[in-house]
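Below, each chain spelled out in residue letters.
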Amino acid sequence: QVQLVESGGGLVQPGGSLRLSCAASGSIFSMYAMNWYRQAPGKQRELVATITSGGSTNYADSVKGRFTISRDNAKNTVYLQMNSLKPEDTAVYFCNAYRRALTRSYDYWGQGTQVTVSS
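Below: a short report on this structure. Residue numbering note: each chain is counted from 1, following its sequence as written. In keeping with the model being predicted, local features are shown solely for residues with a pLDDT of at least 70 and side-chain atom pairs are shown and tallied solely at 80 or more, while totals for entire chains, interfaces and linings include all residues. Computation of side-chain values: all heavy atoms of the structure, hydrogens and water removed.

This paragraph deals with the overall build of the protein. A run of H or I in DSSP counts as a helix once it spans at least four residues, and a run of E counts as a strand once it spans at least two, with each numbered from the N terminus. Looking only at helices and strands, the protein has zero helices and eleven strands in total. For the protein, the sequential pattern of α-helices and β-strands runs β-β-β-β-β-β-β-β-β-β-β. Taking 119 residues into account, the globule formula puts the C-alpha radius of gyration at 14 Å, and the protein, at 14 Å, falls close to it. Principal-axis analysis of the C-alpha atoms gives the protein an extent of 50 × 25 × 25 Å. Expressed as a percentage of its 119 residues, the buried residues of the protein come to 39%. Sequence-distant contacts in the protein: of pairs separated by 6 or more residues, those separated by 24 or more amount to 54%. Counted as positive: Lys and Arg. Counted as negative: Asp and Glu, with His and the chain ends omitted from the count. Note that the charge is assigned to NZ on lysines, CZ on arginines, CG on aspartates and CD on glutamates. With 12 positive and 7 negative side-chain charges, the protein shows a spacing of 5 Å between the two charge centroids. Only the C-alpha atoms count toward the radius of gyration. The rule for a globule is 2.2 Å times the residue count to the power 0.38. Working definition: with a 1.4 Å probe on protein chains only, accessible area under 20% of the residue-type maximum means buried, over 50% means exposed, and in between means partly exposed. Two residues form a contact once any of their heavy atoms are found within 4.5 Å.

Structure, rendered in structure tokens:
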């Protein structure tokens, strides 16, 4: 079965930076769009950033200009560089892999990594 494992979360002060990583098992990367979601307590999960199989990126307005998503297909890894962090960025961040094929769709999730922005 496909597994996604996030890492790189932690405690950081406002204005600081973190780099999240998501490592995927197997050779599943090249045809998948990769996404980062986040969820704060009492809030619904929101899409933060996406990168397509072709390398196109999109970001939520709340993180645009501060976060950068990238991927390394040779390493089956997607990254989220988070700069100028704000307290409202505090959440559990989840990695997601998605692919719509002709016959069906494929959708996988990691367990999440905690990001806390606080002074």
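Next, the rest of the story.
Our next topic: the packing of aromatic side chains. In this scheme Phe, Tyr and Trp rings, the latter by its six-membered ring, pair at centre separations within 6.5 Å, and the angle between planes marks the pair as stacked below 30 degrees, edge-to-face above 60, and tilted otherwise. A full pass over the atoms with the stated rule returns two aromatic pairs. Relative to Y108, the ring of Y32 has its centre 6.1 Å away and its plane inclined at 50°; by these criteria the two rings are tilted. Highlighted residues: Y32 in the loop between β3 (18-24) and β4 (33-39) and Y108 in strand β10 (residues 105-109), separated in sequence by 76 residues. For the ring pair Y37 and W109, a centre distance of 4.9 Å and an interplane angle of 55° mean the geometry is tilted.

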